[in-house]
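Take a look at the letters that make up each chain.
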There are 2 protein chains.
Amino acid sequence: METDLDPLRSVLEDEGHDGYLISDDDSDSDQRYVSGFTAPDAYQTLVTAAGEVHLLVSGLEYGRAQKEADADSVSRRAAYDYQELVAEHGSYEGTLRTIAAFLADHGVDSIAVPRNFPTGTADGLRELGLEVAVESEDVVEEIRSRKTPWETNQISATQSANEAAMAAAERLIATAEIEDGALVFDGEELTSARVKEEIEITLLRHGCGLDETIVACGADGADPHNRGSGTLEAGKPIVIDIFPRDKGTGYFGDMTRTFVRGEPTAEAKRRYEVTREAFETALETIEAGVTGAAVHDAVCDVIEDAGYETLRSDPSADIGFIHSTGHGVGLDLHEQPSLSPTGEELEPGHVVTVEPGLYDPEVGGIRIEDLVVVTEDGYENLTEYPVAFEPRAN
Amino acid sequence: METDLDPLRSVLEDEGHDGYLISDDDSDSDQRYVSGFTAPDAYQTLVTAAGEVHLLVSGLEYGRAQKEADADSVSRRAAYDYQELVAEHGSYEGTLRTIAAFLADHGVDSIAVPRNFPTGTADGLRELGLEVAVESEDVVEEIRSRKTPWETNQISATQSANEAAMAAAERLIATAEIEDGALVFDGEELTSARVKEEIEITLLRHGCGLDETIVACGADGADPHNRGSGTLEAGKPIVIDIFPRDKGTGYFGDMTRTFVRGEPTAEAKRRYEVTREAFETALETIEAGVTGAAVHDAVCDVIEDAGYETLRSDPSADIGFIHSTGHGVGLDLHEQPSLSPTGEELEPGHVVTVEPGLYDPEVGGIRIEDLVVVTEDGYENLTEYPVAFEPRAN
């Protein structure tokens, strides 16, 4: 992938640093993005003021890093006498000195680091005489927020797998029997766990993994991050929120649908319609140049006009619309930009969720979520899944 | 779970700090362990010098945190005027000021932080007048390294799921046909991807997830962290390394077996026997009071005596035994203690992998790995899976 590191180079130039250093494993998406490499233990990626990318990795990763990394050079720790430094100074201090030698080798005395750079390493390098300053604009996350067409395609591919998983879940719910108010499938009570298993196996077959899934019925669904458990019940909203990651590319998808089997209450139906109106209003509002805050405000307007609370009308609300409208999605599930009170101007290539919801333990949770890419004059929806309260056997 | 935070309190007392602050999401295992809570976005856990645990979470997580966290108190950001501070100072500075207000509320002026504490937050709190020092002994990871019986049981349960997955993989390999040197199952070439899918689906059904699995044949297996791809071949070693995590408890398992279908080369057979001898020597060496370095040395002795290189005999070796003997396993896949040149004294309750290996692209990779808990006079093996080069249809 062609990454555009120019904004990072500008920051280094403006602030007079020789380089930018990331020290993390591949769970840090900035690390993965800038290095073009993945490894389960921490490694170092240096971007110099000239825009060169240099990696420092363990001997274990050296062969693979040489093949896979998107870097001008890859060094192994042994090249900087790592074993000897560890023998003399211990593991922690030895590692610090190895990093310092690697930086010196590339002529770097002064570095900018990301906000999440480890304080132990920052303070340790300072003690070894380097200048270490926090790059406070999160410029790499900002670079990552503007997806290349290749990246948007990866996210779209993950979202397609997500749609297959949602279809499998919806099918289970739609075809379940109703006995004594509970959903029953194949003679057994249909549980949140059973639906999650169906979702996960479907995703696995599409090359995606996921840490967790939300299948939350009734009061469970009214707590937006409750993952849900137990038997699914008729007449109560079931929130299904799936956020898988492609194992190869690392890009996420994200989608939520809410279904009810049997007859929803009039209040649940009304909340579904209000949520849907808020959802459609958000989509209509999105285009390059509009702020994420404006999109969020448009959603709050709809919800407040319908008589429900939001965090805008009451910052300590715990029922109503109690989260933001959306977030960026890419190598992280939650990244820039945000559709929230602090959301800044949207740009072409931003990929964001749109996910208004309404929550109340008495009624259950309602949430509808698509994933879209911002364009010059609107958006392209990366989600093709229909929006309906009543599940279909599809 | 009863966590013993006394060693952390001692550090705070010795170094004169009012508290210890973790600011991370649940992917940080220290955070998960100390808070007894999980959330996908960063939250703050404060341990005071008196040993009290206080959480600061977003409104979104407040209800769940109150129910689930292992804490003396849970506060939401709104209690410290988060929205107003963000409106006035922006998201980053507003969050910092919210954290500072939370600390002040608990009478904390001076904090110790973990090495991986974000530098942006450390420097930001310093600018707001707090004293922030890195706790350089990694005391929480050290506490976590000594597993309670409950924790060992969780790890053992994950390892049992792992054994079911390994059996499913071994069965595929054992029952495949051999056609033109390739393994063929159900009329299709048996690929690394197909075996991984079998492993993952088996783990899912046991409530475990995993980011990746290694099923690496021939030269792929000679690069210890190459995940493997393509068709599995007869006569070449196939390294299968599975490291699942229980989705509920968060505890990992870890196991490796190496199989060959058809006739291995004489050199591969010899390497298997040497690896197995190294593996058994390591197990015989393990007991409380022995250092991880001594266990690693015992493994290097066996391997070097057999005429192969190790990182001890040649720090830049890229064939032979090119990694350490083992690592701790718990809420992290790689944690303290280590069986490596820097490995310190083993203690009862330490859970470690034992995983010598021999690598050469010409021959392939060989690795054998069990997971054991250290006891006063030896170890208890948490792995019951047989060790054999030839796969069984089990």
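Residues numbered from 1 in each chain as written. Chains lettered and ligands numbered in written order. Predicted model: local features only at pLDDT ≥ 70, side-chain atom pairs only at ≥ 80, totals over all residues. Heavy atoms only, no water.

## Some thoughts on helix α11 (residues 292-305) of chain A
Residue and element names in this part refer to chain A. With 14 residues, α11 should reach 20 Å at 1.5 Å per residue; the first-to-last C-alpha distance of 20 Å fits that figure. For α11, the full list of buried residues reads G292, A293, V295, H296, A298, V299, C300, V302 and I303. Structurally, α11 contributes buried residues whose contacts are with α10 (266-285), β16 (335-339) and β18 (357-360). One or two residues past the end of α11 sits G307, with phi positive at roughly 95 degrees. (Helix = DSSP H or I, 4+ residues; strand = E, 2+ residues; numbered from the N terminus. Expected span 1.5 Å × (residues − 1). Buried < 20%, exposed > 50% of the residue type's maximum accessible area, 1.4 Å probe, protein only. Contact = heavy atoms within 4.5 Å.)

## So, the sheet that holds strand β9 (residues 188-189) of chain A
As a general point, the strands of a sheet are linked pairwise by backbone hydrogen bonds and lie either parallel or antiparallel. Residue and element names in this part refer to chain A. Ordered by their spatial adjacency, three strands build an open sheet running β7-β8-β9, and the pairing between neighbours is antiparallel. In this open sheet, the two edge strands, each paired with only one partner strand, are β7 (177-179) and β9. Here β7 pairs with strand β8 (residues 182-185) via three bridges, running antiparallel. What sits directly across from I178, in β8, is L183. (Pairing = 2+ DSSP bridges.)

## As for a negative patch on the surface
A contiguous patch of negative charge, built from E13(A), D14(A), E15(A) and E137(A), is present on the exposed surface. As for its position among the elements, E137(A) is in the loop between β6 (131-134) and α7 (139-145). (Patch = residues over 30% accessible without salt bridge, like charges linked within 9 Å, V, L, I, M, F, W, Y side chains within 5 Å. Areas by Shrake-Rupley, 256 points an atom, 1.4 Å probe, with all protein chains shown as cover. Salt bridge = Lys/Arg side-chain N within 4 Å of Asp/Glu carboxyl O. Lys, Arg positive; Asp, Glu negative; His and termini not counted. Charge placed at Lys NZ, Arg CZ, Asp CG, Glu CD.)

## Overview of unusual backbone geometry
With an omega of -5 degrees, the peptide bond running from Q336(A) to P337(A) counts as cis. Here P337(A) lies in strand β16. Phi is positive for D186(A), close to 55 degrees, though the residue is something other than glycine. When you line up the elements, D186(A) lands in the loop between β8 and β9. The phi torsion at D81(B) lies on the positive side, around 60 degrees, for a residue other than glycine. Examined against the element boundaries, D81(B) turns out to sit in the loop between β4 (73-76) and α4 (82-89). By relative accessible area, D81(B) is classed as partly exposed at 42%.

## Remarks on the interface of chain A and chain B
Residue-level contacts link 44 residues of chain A with 43 residues of chain B. Interface area lost by chain A to chain B is led by L60(A), R115(A) and T119(A), which between them contribute 15%. Across the contact surface, chain A and chain B share eight salt bridges. Put simply, E197(B) and R205(A) hold a salt bridge, and the shortest N to O gap is 2.8 Å. Linking chain A with chain B are 18 residue pairs in polar contact (both at pLDDT 80 or more), by the criterion used here. Counting only elements with at least two residues in the side of chain A that touches chain B, the list comes to α3 (59-68), α4 (82-89), α6 (119-127) and α9 (192-205) of chain A. (Buried area = accessible area lost by both parts, 1.4 Å probe. Polar contact = N/O pair within 3.5 Å; in protein donor to acceptor, adjacent residues only side chain to side chain.)

## Side note on the pattern of salt bridges
Residues and elements named next belong to chain B. The tally for this structure, following the rule as stated, stands at 60 salt bridges over all chains. Among the salt bridges present, the one from R64 reaches E61, with a minimum N-O distance of 2.8 Å. Here E61 and R64 lie together in helix α3 (residues 59-68), a separation of three residues that amounts to about one turn. Across the pair R367 and D241 runs a salt bridge whose closest N-O atoms are separated by 2.9 Å.

## Considerations on the UniProt feature "domain: Peptidase M24" (unreviewed entry) in chain A
Following the UniProt record, one finds the feature "domain: Peptidase M24" (unreviewed entry) at residues 160-376 of chain A. In the segment residues 160-376 of chain A, helix accounts for 29% and strand for 24%; the C-alpha atoms at its two ends are 24 Å apart. (UniProt positions renumbered as here; feature names shortened; annotations may be inferred.)

## Thoughts on the pairing of strand β6 (residues 131-134) of chain B
Residue and element names in this part refer to chain B. Alternating residues of β6 divide into V132 and V134, all buried, and E131 and A133, none buried. Where strand β5 (residues 110-113) and β6 come together, four bridges link them in parallel fashion. From the neighbouring strand, S110 faces β6, where its bridge partner is E131. Taken together, β5, helix α6 (residues 119-127) and β6 constitute a β-α-β crossover, and its handedness is right-handed. (Right-handed = clockwise from strand over helix to strand, strands pointing away.)

## Considering the side chain of R115(A)
Within the secondary structure, R115(A) sits in the loop between β5 (110-113) and α6. Here the side chain of R115(A) touches S136(A) through a polar contact of 2.6 Å, landing on its backbone oxygen. R115(A) has contacts with V134(A), E135(A), S136(A), D138(A), Y92(B), P118(B), T119(B), G120(B) and T121(B), leaving out every residue within four places of it along the chain.

## Focus: the side chain of S75(A)
By secondary structure assignment, the location of S75(A) is in strand β4 (residues 73-76). Among residues more than four places away in sequence, those in contact with S75(A) are L55(A), L56(A), V57(A), Y62(A) and Y80(A).

## Focus: the sheet that holds strand β11 (residues 214-217) of chain B
All names here are of chain B. Pairing within the open sheet is antiparallel, and its three strands lie in the order β11-β12-β14. Both outer strands of the open sheet, β11 and β14 (255-259), are each paired with one neighbouring strand and no more. Neighbour-to-neighbour, the strand axes of the sheet open up by a mean angle of 10 degrees, direction not taken into account. Pairing of β11 with strand β12 (residues 238-242) involves four bridges; the strand directions are antiparallel. Across the sheet, residue A216 finds its bridge partner in β12, namely V239. The strands touched by helix α8 (residues 149-175) within the sheet are β12 and β14, with β14 carrying the most contacts at an inclination of about 15 degrees. (Axes fitted to C-alpha atoms, helices over the stretch in contact; angles between N-to-C directions.)

## Here we look at the relation of the copies chain A and chain B
At an RMSD of 0.0 Å, chain A and chain B line up after a rotation of 180 degrees and a shift of 0.0 Å along the axis. Here the symmetry operator amounts to a two-fold rotation axis. By C-alpha distance to the rotation axis, the residue of chain A lying nearest is T119(A), at 2.2 Å. The fraction of interface residues of chain A whose copies in chain B are also interface residues reaches 98%, indicating that both copies meet through the same surface. (Least-squares fit on C-alpha atoms with pLDDT ≥ 70 in both.)

## Structural notes on the environment of E163(B)
Residues and elements named next belong to chain B. Note on placement: E163 falls in helix α8. Residue classification places E163 among the buried positions, given a relative accessible area of 13%. With 193 residues separating them in the primary sequence, E163 and P356 have C-alpha atoms 19 Å apart. What E163 contacts, discounting residues up to four positions off in sequence, is M255, L382, T383, E384 and Y385.

## Concerning the domain arrangement of chain A
Residue and element names in this part refer to chain A. Domain boundaries in chain A define domain 1 (6-144) and domain 2 (146-381). Between the C-alpha centres of domain 1 and domain 2 the distance comes to 37 Å. Listed as interface residues are eight residues of domain 1 and, on the opposing side, twelve residues of domain 2. Roughly 910 Å² is buried in total at the junction of domain 1 and domain 2, and carbon and sulfur atoms are behind 31% of that figure. The tally of links between domain 1 and domain 2 comes to three salt bridges. (Domains from an automatic or database assignment.)

## Some details on the packing of helix α8 (residues 149-175) of chain A against α9(A)
Residues and elements named next belong to chain A. Closest axis-to-axis distance for the α8/α9 pair is 8 Å, and the angle between their directions is 150 degrees. In terms of orientation, α8 and α9 fall into the roughly antiparallel class. Crossing handedness for the pair α8 and α9: right-handed. Contact residues: A161, N162, A164, A165, A168, A169 and L172 in α8; R194, V195, E198, I199, T202 and L203 in α9. Partitioned by chemical class, the residues of the contact of α8 with α9 number nine nonpolar, two polar and two charged. (Parallel < 35°, antiparallel > 145°, perpendicular 65-115°, else oblique. Left-handed = near helix turned anticlockwise from the far one by under 90°. Nonpolar A, V, L, I, M, F, W, Y, C, P; charged D, E, K, R; others polar.)

## Topic: the packing of aromatic side chains
Counted according to the given criterion, the structure contains eight aromatic pairs over all chains. Ring geometry for W150(B) and Y251(B): centres 6.0 Å apart, planes at 80 degrees, overall edge-to-face. Here Y251(B) lies in the loop between β13 (245-246) and β14 and W150(B) lies in helix α8, a separation of 101 residues in the sequence. Judged by centre distance (4.2 Å) and plane angle (20 degrees), the rings of Y272(B) and F389(B) are stacked. A residue pair is termed long-range when its members are at least 10 positions apart, and Y272(B) in helix α10 (residues 266-285) and F389(B) in the segment after β21 (378-381) qualify at 117 residues. Judged on exposure class, the residue Y272(B) and its partner F389(B) are both buried. Over the ring of Y92(B) we find R115(A); its NZ or CZ atom is 3.4 Å from the centre of that ring. (Phe/Tyr/Trp six-rings, centres within 6.5 Å; stacked < 30°, edge-to-face > 60°. Lys NZ or Arg CZ within 6 Å of the ring centre and 35° of its normal.)

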